[in-house]
Amino acid sequence: MPLAPTQGQLEWQEAGFGLFFHFGVNTFNGREWSDGTLDPATFAPSAFDAGQWVETAVAAGAAYVVLTAKHHDGFCLWPTTTTDYSVASSPWRDGQGDVVGEVAAACRAAGVKFGLYLSPWDRNAPCYDDPPAYDAFYLSQLTELCTRYGPLHELWFDGAGSEGRTYDWDAVMAVIDTHQPQAMVFNMGRPTIRWVGNEDGLAADPCAYVVQATGVSVYDDAARALDRACYLPPECDVPIRRNWFWQPDDRHTLKSRDHLLAIWYRSVGLGAGLLLNVPPDRRGLIDDADRVRLLEFTGEVARRFAHPVPARLTTEGEDIVARFPRPVLIDHLELREDLVSGQRVTDHEIRADGTLMASGHTVGVRRVHAFEPVTVSEVRIRLVGEGARIGRVTGFHAGCSSAPDIEEQPEVMTDKFVPAPDIAAGTPT
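Now for a quick tour of the structure. (Residues numbered from 1 in each chain as written. Predicted model: local features only at pLDDT ≥ 70, side-chain atom pairs only at ≥ 80, totals over all residues. Heavy atoms only, no water.)

**Examining the overall build of the protein**
Secondary structure assignment for the protein yields seven helices and 17 strands. Rg of the C-alpha trace for the protein: 22 Å, near the compact-globule value of 22 Å for 429 residues, within the 12% margin. Referenced to the eigenvectors of the C-alpha coordinate spread, the extents of the protein come out at roughly 70 × 50 × 40 Å. The burial tally for the protein puts 58% of its 429 residues in the buried class. Carbon and sulfur atoms form 51% of the exposed surface of the protein, whose accessible area is close to 17000 Å². Once the 37 positive and 59 negative side-chain charges of the protein are each reduced to a mean point, those two points are 6 Å apart. (Helix = DSSP H or I, 4+ residues; strand = E, 2+ residues; numbered from the N terminus. Rg over C-alpha atoms; globule rule 2.2 N^0.38 Å. Buried < 20%, exposed > 50% of the residue type's maximum accessible area, 1.4 Å probe, protein only. Areas by Shrake-Rupley, 256 points an atom, 1.4 Å probe, with all protein chains shown as cover. Lys, Arg positive; Asp, Glu negative; His and termini not counted. Charge placed at Lys NZ, Arg CZ, Asp CG, Glu CD.)

Here's what the structure looks like:
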């Protein structure tokens, strides 16, 4: 029998779309991965406003955000007791600032769920080469984050840089079980959600929720075997520009509206979650150009699906019949699988008047099909999979009949360096 999800996993899957905020000392030094030696004094946002970040997320329809509390360089965005390499050693807020705290408060005020990224790899911590000592150090950091900032929606453990390294994941999970048992755990430790396996934001069909191994790092093709098969729905992460941190020289790599739409169809539309990185700039604000492009993209998604026409479902023989309240012109159909007892649909076909409209493998939490416009009173859906059930079918007239094509994108440069003489500047002209 397929493994069933927890209520928390179902709620996370329903959320569907979140924003990633990469922000830190790298932002002010033109770096993607720094080595833990950048001066904390360079962290100096000139107009920091967590409310603007979260308002942007709300305007984009994001249900949650994930903030890089600590990236691989070890710089902490909260005043931790574990190290001086943090915002407490910067001039921002006269050394009294707490980025994590301000973003958490903004999320609470706006009703947006809050998640944190805490890199296991730490290039600043002197004890990193002493695994037991570093495990204790890391557990202290995690405990601070899990006890100071209210409920956490997601804890993000990035495997990059930790290839071949073993951490005390049992102890990590004990902290989470004690303080944040509802949080989804990304990809490492005892995960409840998994990485899709690329940083392009793209899932595939089939999009399996039950797996026996997970990918750990974009720099390691080897999958990590799990102790047993687990229900682990995937999250697709992707930056809105080429790079993850805001950089002064890559505005030309800002993804087009159509490319972002193409990602949406191939992530959310294939039953995965989408975590889109929109990094704050050196002002401590979401870049104006990034915000405009984000809202162009999400606004078009909202426009396409603004007028749902739900169908009433009955079973006739081997078919599920979705009947609309009147003849409707549709060019999109959204199917939602009943996942309470697990993912069961392995294949499906949709027909109208005997003509095949769409087909595929996974349905999952949501499957969006686009096709040539057709006026229908009902459609018939044939499922493959023992115990497979559809919970909802909705038609839409979006004014388009296919997902946009994926556009070629430049590679991310993890070792890039761009001199930044004016660290307080915002978006360059």
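**Things to note about the packing of aromatic side chains**
What describes a pair of aromatic rings is the distance from one ring centre to the other and the angle between the planes of the rings. Enumeration according to the criterion identifies 29 aromatic pairs in this entry. An angle of 10° between the planes, with centres 3.8 Å apart, marks the rings of tryptophan 156 and phenylalanine 186 as stacked. Taken together, the residues tryptophan 156 in strand E4 (residues 154-156) and phenylalanine 186 in strand E5 (residues 184-186) connect sequence positions 30 residues apart. Across the pair, phenylalanine 186 and tryptophan 156 agree in class, each one buried. An aromatic cluster of three or more residues is present, and its members are Phe21, Phe23, Phe28, Phe43, Phe48, Trp53, Phe75, Tyr85 and Trp92. When the ring centre of tyrosine 128 is taken as reference, the NZ or CZ atom of arginine 165 above it lies at 4.1 Å. (Phe/Tyr/Trp six-rings, centres within 6.5 Å; stacked < 30°, edge-to-face > 60°. Lys NZ or Arg CZ within 6 Å of the ring centre and 35° of its normal.)

**Some details on helix H5 (residues 169-179)**
Every α-helix carries 3.6 residues per turn, so stepping three or four residues along brings you back to the same face. By the burial criterion, the buried members of H5 are Trp169, Val172, Met173, Val175 and Ile176. Projected down its long axis, H5 carries its buried residues within an arc of 150°, all on one side. Opposite the buried face of H5, at more than 90 degrees from it, the exposed residues are Asp170 and Thr178. Residues of H5 that are buried sit in contact with helix H4 (131-148), E4 and E5. (Arc of directions from axis to C-beta. Contact = heavy atoms within 4.5 Å.)

**Points about the nonpolar core**
Ranked by size, the top nonpolar core spans 94 residues in total, and within it Val99 and Phe114 carry the most contacts. Element by element, the count of residues in this core is highest for H4, at seven residues. Beyond its immediate chain neighbours, meaning those up to four positions away, valine 99 contacts Phe23, Phe43, Phe48, Trp53, Leu67, Leu77, Val87 and Trp92. (Core = buried A, V, L, I, M, F, W, Y, C linked by side-chain atoms within 4.5 Å.)

**Some words on the pattern of salt bridges**
This model, assessed by the stated rule, comprises 27 salt bridges. Close ionic contact of arginine 190 with aspartate 177 constitutes a salt bridge, the shortest N to O distance being 2.7 Å. A residue pair is termed long-range when its members are at least 10 positions apart, and arginine 190 in the loop between E5 and strand E6 (194-195) and aspartate 177 in helix H5 qualify at 13 residues. The class of arginine 190 is partly exposed, set by a relative accessible area of 45%. Judged by relative accessible area, aspartate 177 falls into the partly exposed class, the value being 39%. A salt bridge links arginine 257 to aspartate 258; its shortest N-O distance comes to 3.1 Å. A cluster of three or more residues bridged by salt bridges with shared partners is formed by Glu316, Glu318, Asp319, Arg323, Glu378, Arg380 and Arg382. (Salt bridge = Lys/Arg side-chain N within 4 Å of Asp/Glu carboxyl O.)

**Points about the sheet that holds E5**
The parallel open sheet is built from eight strands, whose spatial order is E5-E4-E3-E2-E1-E10-E9-E6. With one partner strand each, in any of the chains shown, E5 and E6 form the two edges of the open sheet. As defined by bridge partners, strand E1 (residues 17-21) adjoins strand E2 (residues 64-70) across four bridges and the pair is classed as parallel. When the sheet's bridge partners are listed, phenylalanine 20 is paired in E2 with valine 66. Of the strands in this sheet, E2 and strand E3 (113-118) are in contact with helix H3 (residues 99-110), which crosses E3 at around 155°. Sheet strands in contact with helix H7 (residues 288-304) are E1 and strand E10 (273-277), and its direction is about 170° off that of E1. (Pairing = 2+ DSSP bridges. Axes fitted to C-alpha atoms, helices over the stretch in contact; angles between N-to-C directions.)

**Section: the environment of glutamate 316**
Inspection of the secondary structure assignment puts glutamate 316 in strand E12 (residues 312-316). A relative accessible area of 29% places glutamate 316 in the partly exposed class. C-alpha separation for the pair glutamate 316 and phenylalanine 157, spaced 159 residues apart in sequence, amounts to 46 Å. Leave out the neighbours within four places in its chain, and glutamate 316 touches Val321, Arg323 and Arg380. Within the structure, glutamate 316 has its side chain in polar contact with the side chain of arginine 380 (distance 2.7 Å). (Polar contact = N/O pair within 3.5 Å; in protein donor to acceptor, adjacent residues only side chain to side chain.)

Everything listed here is a matter of coordinates, which is why it stays silent on function.
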